[in-house]
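Structural characterization, general
This is what each chain is made of:
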Amino acid sequence: MARPTADLVRQLAANSAAVQPLPRPWLRTAAWLVVCLLYLVLLDVAWPHEAPYKPIDGRFVVEQIAALATGVAAAIAAFASIVPGYSRRLALASFLPLALWLVVLGQSCAREWSSSLLPPMLSHWGCFPATIIAGLVPAMAMLVMLRRGAPIAPRLTTALAGLAVASLANVGIRFVHPFDASLIVLAWHVVAMFGVIGLATIFGNRLFTWRDVTDHV
Amino acid sequence: MRAVRPGDDHLADLMRAAQAGHPEAYLELLETITPILRRVIRRQPFFAGFEEVEDLLQDVLLSVHAVRHTFDPGRPFMPWLLAIVRNRLADAARRRARTSAHEWVVDDLDVTFPASNANSGGEGYGDPEALQHAIEGLPTGQRQAIQLLKLRQLSLKEAAAASGMTVGALKVATHRAMMTLRRLLTAK
């Protein structure tokens, strides 16, 4: 104990400048989505399209809506996880759209597997780095925004952030993807997504730590 | 008289004022929550000592200060505060578990090694009278060096000022005196 607690309290009060309260998690999610959508639109314009889009069918729409809902729900839960007092059960809200998304993908995979429409897997390995590139700016924006909060559950925060970023990157990349093949999506996009979540969870404790304020008091 | 427990609304009001930059409100808030936090920490079985409780309490107060902008003015105060406390307590418990995993509890041993040379106990020379005679028989410069540096425990600088000798000359005189004394006393 370097100093009496009463002295610390007085010093903290004497050094208390006005602070801007963090906006609510859903507002911060909206701000993050705007940044992400701008980036994904730019990426769509700049990305070389190898083949024309497949016609958009109902399954594709459901899949994209489920992926977007997963990203939004995970982002809200991630922004809530850095605000003390919010329930961690919010994280469960992203499980439902995630399950729906994976089910739709799984059904399509099974259909493609049993048909002759299966595209060559390894020729589309480029989907993996494409998903990573699509997730770069959303990930950086998310990281900067999350580091303003309190690191009370760093592993949960990074896992949710990884899920949000990867889901949104999938939505973006699916609009520039030349093939509408669910097996490729599952193999490259979803593997990339869980890889990002896994890495984020492992290194979460290092990304989010308590700020040292002893120099300011 | 029993102290009245502060209401959550009052604490939330104080925090809102603190966020707006009112140090008096922040001081009142911190002074109000400090005993509450101390009680919460004391209830934990791991942290018993006064210093340990106060260290952890200060850790929590610094954390509250660092993330006071995360308090949502539209939400209650205590759940926000207690979430921070729980996190800091868990961190402290993990730190403690890590530290104790690398510590060995041993008896307070009297000796270092069984060899007799290692357990001399640092006693002085056995025959003080012979030592006194040997010192008196030293040349003047060496005797003065021993008296100032070894018997009066002066520093080299102080001994140089007292004797008028240089620091280098004092070192040489002390070394020679020690050699002479060792030779004289071990020969007996």
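Keep in mind it's a predicted model, so treat the numbers as computed, not measured. (Residues numbered from 1 in each chain as written. Chains lettered and ligands numbered in written order. Predicted model: local features only at pLDDT ≥ 70, side-chain atom pairs only at ≥ 80, totals over all residues.)

**What to know about the overall build of chain A**
Defined as follows: For helices the rule is a DSSP run of H or I covering at least 4 residues; for strands it is a run of E covering at least 2, with both sets numbered from the N terminus onward. Backbone-placed C-beta atoms define the burial measure: a residue is buried with 20 or more other C-beta atoms within 10 Å of its own, exposed with 12 or fewer, and partly exposed in between. In this description, a residue-residue contact is defined by the distance between C-beta atoms placed from the backbone, which must lie within 7 Å.
Across its full length, chain A carries 8 helices and 0 strands. Taken from N to C terminus, the helices and strands of chain A fall in the order α-α-α-α-α-α-α-α. In chain A, buried positions account for 41% of the 217 residues. For chain A, contacts bridging at least 24 residues in sequence account for 90% of all contacts bridging at least 6.

**Digging into the overall build of chain B**
Along its length, chain B carries 8 helices and 0 strands. Its helices and strands taken in sequence order, chain B reads α-α-α-α-α-α-α-α from the N to the C terminus. Within chain B, buried positions represent 24% of all 188 residues. At a minimum sequence separation of 6, the contacts of chain B that also span at least 24 residues come to 51%.

**Points about the nonpolar core**
The cut-off we apply is this: Any set of buried Ala, Val, Leu, Ile, Met, Phe, Trp, Tyr and Cys residues joined through C-beta atoms within 7 Å is what this text calls a nonpolar core.
Counting residues in each nonpolar core, the largest one holds 79 residues, and the members touching the most others are A78(A), L160(A), A164(A), V165(A) and L61(B). Residues A134(B), L170(B), A177(B) and L181(B) belong to the second largest nonpolar core, which totals 10 residues.

**A look at the packing of helix 6 (residues 140–151) of chain B against helix 7 (residues 156–163) of chain B**
Residue and element names in this part refer to chain B. We count it as follows: In this description, a line fitted to the C-alpha atoms serves as the axis of each element, helices being fitted only across the stretch in contact, and the angle between N-to-C directions of two axes falls anywhere from 0 to 180 degrees. Oblique is the label for every angle not falling under 35 degrees (roughly parallel), over 145 degrees (roughly antiparallel), or within 65 to 115 degrees (roughly perpendicular). Note on convention: the crossing is left-handed when the near helix lies turned anticlockwise from the far helix by less than a right angle, right-handed when the turn is clockwise. Note on residue categories: nonpolar means Ala, Val, Leu, Ile, Met, Phe, Trp, Tyr, Cys or Pro, charged means Asp, Glu, Lys or Arg, and polar means any other residue, Gly included.
The interhelical angle for the contact between helix 6 and helix 7, taken along N-to-C directions, is 135 degrees, at an axis separation of 9 Å. Considering their axes alone, helix 6 and helix 7 lie oblique with respect to each other. The element helix 6 and its partner helix 7 pack so that their crossing is right-handed. Two secondary-structure elements touch here, helix 6 through Q144, L148 and L149 and helix 7 through A159, A162 and S163. Counted by class, the contact of helix 6 with helix 7 contains 4 nonpolar, 2 polar and no charged residues.

**Focus on the confidence of the model for chain A**
Worth spelling out the cut-off: A residue's pLDDT is simply how confident the predictor is in it, with values from 0 to 100.
Mean pLDDT for chain A: 80, with 78% of residues reaching 70 or above. Predicted confidence in chain A is weakest over helix 7 (residues 182–202) of chain A, with a mean pLDDT of 70, and strongest over helix 3 (residues 58–81) of chain A, with 91.

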